[in-house]
Amino acid sequence: MSEPYVPLPWPGLPDHGPEEMIARSRAFYEQVRQRRTCRHFSDAPVPRAVIENAVLAAGTAPSGANHQPWHFAIISTPELKRQLRGAAEAEERAFYGGKAGTEWLEALAPLGTDKNKPYLEVAPWHVVVFGQRKGGIDPGDDRQNYYVTESVGIACGILLLALHDAGLATLTHTPNPMRFLNRLCGRPPGEKPVMVIVAGKPAPDATVPAHALRKKPLDQISSWL
């Protein structure tokens, strides 16, 4: 039996004037534009509460029918990080060994990526994100979930911004195929691994590829109708 519709009062938002809205939106952009993908992490510890709060923030994302079709498996132990690196690099060796194809590898060349992922053993936290085809809002539900890809994608975006806002560097890692992550994280086969989000402090000698700083301007990413 479905849950009844119960309307509640709108919780409200601060009533900012036009100038303040512009200033706040600009300040948010200036903060977010400093976000960079990091491939050189420090092993400096990061409090677990930071990751917990970021995951809670991700869990506020909108989702199809409010089913919240995501699961965040958090890896922090050296042994699991070692296993993650070994399995991921095995897939990456195949990828860079020819599986990706020439065009894809040429596109990646300006970013300086390769099959070696040492940061998977260095960074203190890894958030492995899974999408759930079946589930629902209550424990034990086995209902159809809707717009899983879109819902999980929005949640991942919020998670990245929450980690950035806390002062952490991040990296989105998507080895292909990723089914080894189900076994590694003890997740059921009905869940689909989406990405690994690596989080921690950047290494003192961390660098960013110049190509990563190229962002399309407003007139290329928007049209005003």
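In short, a report on the structure. (Residues numbered from 1 in each chain as written. Predicted model: local features only at pLDDT ≥ 70, side-chain atom pairs only at ≥ 80, totals over all residues. Heavy atoms only, no water.)

**Focus on the overall build of the protein chain**
What counts here: Elements are defined by DSSP. Helices are runs of H or I of four residues or more, strands are runs of E of two residues or more, and each kind is numbered from the N terminus. The buried label goes to any residue with under 20% of its type's maximum accessible area, the exposed label to any with over 50%, and the partly exposed label to all in between, with areas taken from a 1.4 Å probe on protein chains only. Residue contacts are defined here by distance: any two heavy atoms, one from each residue, within 4.5 Å place the two residues in contact. Values of accessible area rely on a 1.4 Å probe in the Shrake-Rupley scheme; residue burial ignores everything except the protein chains shown. A residue counts as positive if it is Lys or Arg and as negative if it is Asp or Glu; His and the chain ends are not included. Positions of charges follow a simple convention, taking NZ of Lys, CZ of Arg, CG of Asp or CD of Glu.
Scanning the protein chain for helices and strands turns up eight helices and six strands. Based on the C-alpha atoms only, the size of the protein chain along its principal axes is roughly 55 × 50 × 40 Å. A buried classification covers 32% of the 225 residues belonging to the protein chain. Considering only intrachain contacts with a sequence separation of at least 6, the fraction spanning at least 24 residues in the protein chain is 78%. When the accessible surface of the protein chain is summed, it comes to about 14,300 Å², and 57% of that surface belongs to carbon and sulfur atoms. Averaging the positions of the 25 positive and the 23 negative side-chain charges in the protein chain gives two centres separated by 5 Å.

**Quick word on the sheet that holds strand E5 (residues 169-173)**
Note on sheets: strands pair through backbone hydrogen bonds, and any given pair is parallel or antiparallel. Note the threshold: Only strands joined by at least two bridges in the DSSP assignment are considered to pair. What counts as an axis is a line fitted to C-alpha atoms, over the stretch in contact for a helix, and the angles between N-to-C directions run from 0 to 180 degrees.
Across the sheet, four strands lie side by side as E1-E2-E6-E5; this open sheet has antiparallel pairing. Of all strands in the sheet, those with a lone pairing partner are strand E1 (70-75) and E5, marking the two edges. Taking the axes of each pair of neighbouring strands and ignoring which way they run, one obtains an average angle of 25 degrees across the sheet. In the sheet, E1 pairs with strand E2 (residues 125-132) via six bridges, with the strands oriented antiparallel. The partner of phenylalanine 72 across the bridge, within E2, is valine 129.

**Digging into helix H6 (residues 148-165)**
Note the threshold: To estimate how far a helix should reach, multiply one less than its number of residues by 1.5 Å.
Along its 18 residues, H6 runs 26 Å from first to last C-alpha, staying within 8% of the 26 Å computed at 1.5 Å per residue. Those residues of H6 lying buried are Ser151, Val152, Ala155, Cys156, Leu159, Leu160, Leu163 and His164. Each element contacted by the buried residues of H6 is listed here: helix H1 (18-32), helix H2 (48-58), E1, E2, E5 and strand E6 (191-200). Once H6 ends, the next one or two residues include glycine 167, with phi positive near 95 degrees.

**Considerations on the packing of aromatic side chains**
Keep this limit in mind: Any two rings among Phe, Tyr and Trp, with Trp reduced to its six-membered ring, count as a pair given centres within 6.5 Å; such a pair is stacked if its planes are under 30 degrees apart, edge-to-face if over 60, and tilted if neither.
The full count for this structure, using the stated rule, is three aromatic pairs. Relative to tyrosine 119, the ring of phenylalanine 41 has its centre 6.4 Å away and its plane inclined at 55 degrees; by these criteria the two rings are tilted. Highlighted residues: phenylalanine 41 in the loop between H1 and H2 and tyrosine 119 in helix H5 (residues 119-122), separated in sequence by 78 residues. The class of phenylalanine 41 is buried, set by a relative accessible area of 7%. By relative accessible area, tyrosine 119 is classed as buried at 7%.

**As for the pairing of E2**
In terms of burial, E2 is largely enclosed, as eight of its eight residues are buried. Burial of E2 is two-sided: the residues Trp125, Val127, Val129 and Gly131 facing one way and the residues His126, Val128, Phe130 and Gln132 facing the other way are all buried. Here E2 pairs with E6 via eight bridges, running antiparallel. When the sheet's bridge partners are listed, valine 128 is paired in E6 with valine 196.

**Considerations on the environment of threonine 37**
Checked against the element boundaries, threonine 37 lands in the loop between H1 and H2. A relative accessible area of 26% means that threonine 37 is categorised as partly exposed. The spacing of threonine 37 and threonine 172 is 135 residues in sequence and 7.5 Å in space, taken between C-alpha atoms. Once residues within four sequence positions are removed from consideration, threonine 37 is found in contact with Thr170 and Leu171.

**Some thoughts on the side chain of threonine 113**
Its location among the elements puts threonine 113 in the loop between helix H4 (102-108) and H5. Judged by relative accessible area, threonine 113 falls into the buried class, the value being 18%.

**A closer look at helix H3 (residues 78-99)**
When the terminal C-alpha atoms of H3 are compared, their 30 Å separation across 22 residues agrees well with the 32 Å that a helix rising 1.5 Å per residue should span. For H3, the full list of buried residues reads Lys81, Leu84, Ala87, Ala88, Glu89, Glu92 and Phe95. Glycine 101 sits one or two positions beyond H3 and adopts a positive phi of about 90 degrees.

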